[in-house]
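Per-entry structural report
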Amino acid sequence: MSEQDTGYVVHKGCDHIFFVGFLGAGKSTLARNLGGLFNRDFVDTDKLVERARHMSVCQIFECDGERRFRDYEVEALGKLRSRKSLLVSCGGGIVEDGRSCAIMHEMGKVVFLDGDLVDSLRQIRHPELRPDFGCVEDARKLYQARRPLYQGAADITIDIRGKSFEQVCSLAGCVLWEEGLL
């Protein structure tokens, strides 16, 4: 980024904002709403993979396995290099592949929406569409395994515990604006 004589921040190169967090953290909704507020395009990595493979995430997990799905995520992220200023909602497991984390850091900033498992479980409306969800005990183990990965990948952490979506959106917008990212 640089500042022109006008005082406006001018973004140069890839300057995406990647939202990471557990299932049900509100990453997609936040990216879409901030995109509308700040006139920025948004994408969802799960949707990018689904379109590229012509299958749902569940079908990909079933047919190709989770390892190949992570490869497809890496491919999808790589294709974002040619775009500018995206708000990117990432699948809950994207941090499990170090290649994905490296690409995200190369292209922008990673924002961790740090919630707790109880809130996530309450937000998940269709657990059957979440191939890595399983039962509540599996979700607990998955949350415990991924949380340190989210923390390690994060450039910015936003605590979403006990907040309404409107509060999270407002807080994220303020934090990202103050950081010169929006």
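Above this text you will find the structure in question.
Fair warning: this is a prediction, and the values are worked out from it, not measured in the lab.

1. Observations concerning empty space enclosed by the protein
- Taken as a whole, this structure holds one cavity of 30 Å³ or more when the rule is applied.
- Phe22, Ala25, Phe112, Leu113, Asp114, Gly115, Ser120, Tyr143, Arg147 and Tyr150 are the residues that line the largest cavity.
- When residues of the lining of the largest cavity are traced back to their parent elements, those giving at least two are strand E6 (108-114) and helix H7 (136-153).
- Residue classes in the lining of the largest cavity are distributed as six nonpolar, two polar and two charged.

2. Overview of the packing of helix H4 (residues 66-78) against helix H5 (residues 98-107)
- Relative orientation of the contacting elements H4 and H5 amounts to 15 degrees, with a least axis distance of 9 Å. As far as their axial angle goes, H5 and H4 are roughly parallel. Remark: the crossing between H4 and H5 carries left-handed chirality. Packed against H4, whose contacting residues are Arg67, Arg70, Asp71, Glu73, Val74, Leu77 and Gly78, the element H5 presents Arg99, Ser100, Ile103, Met104 and Met107 at the interface.

3. Overview of the side chain of aspartate 44
- If you trace the backbone, aspartate 44 turns up in strand E4 (residues 42-44).
- For the buried residue aspartate 44, which engages in no salt bridge, the nearest side chain bearing the opposite charge is lysine 47, 6.0 Å off.
- A polar contact of 2.8 Å, which involves the side chain of aspartate 44, links it to the backbone nitrogen of aspartate 46.
- Excluding anything up to four places from it in sequence, aspartate 44 contacts Ser28 and Ser89.

What counts and what doesn't
Going along each chain's sequence as written, the residues are numbered from 1 onward. Only residues with pLDDT of at least 70 are given local features in this predicted model, and only at 80 or more are side-chain atom pairs given and counted; all residues enter the totals for whole chains, interfaces and linings. Hydrogens are left out, water is left out, and the side-chain values use all remaining heavy atoms of the structure. Each cavity reported here is a set of points on a 1 Å grid over the protein atoms alone in which a 1.4 Å probe fits but cannot get out, each pocket an open set with protein on both sides within 12 Å along at least five of seven lines, and each lining residue one with an atom within 4 Å of a point. Grid points are joined across faces, edges and corners, and a volume is the space filled by probe spheres set on the points. Under the scheme used here, helices are H or I runs from DSSP no shorter than 4 residues and strands are E runs no shorter than 2 residues, and both carry numbers assigned from the N terminus. The classification used treats Ala, Val, Leu, Ile, Met, Phe, Trp, Tyr, Cys and Pro as nonpolar, Asp, Glu, Lys and Arg as charged, and all other residues, Gly among them, as polar. To obtain an axis, a line is fitted to C-alpha atoms, over the contacting stretch when the element is a helix, and the angle between two such axes runs from 0 to 180 degrees between their N-to-C directions. Oblique is the label for any angle not under 35 degrees, not over 145, and not in the 65 to 115 range, which are roughly parallel, roughly antiparallel and roughly perpendicular in turn. When the near helix sits turned anticlockwise from the far one by under a right angle, the crossing is termed left-handed; a clockwise turn instead gives a right-handed crossing. Note on definitions: a residue-residue contact is assigned when non-hydrogen atoms from the two residues lie within 4.5 Å. Exposed residues in this analysis have more than 50% of their type's maximum accessible area, buried residues have under 20%, and partly exposed residues fall in between, with area computed by a 1.4 Å probe over protein chains only. Under the convention used here, Asp and Glu are negative, Lys and Arg are positive, and both His and the chain ends fall outside the count. Salt bridges are identified by distance alone: a Lys or Arg side-chain nitrogen within 4 Å of an Asp or Glu carboxyl oxygen. Pairing of N or O atoms within 3.5 Å defines a polar contact, subject to two protein rules: one partner must be a possible hydrogen donor and the other a possible acceptor, and residues neighboring in sequence count only if both atoms are side-chain atoms.

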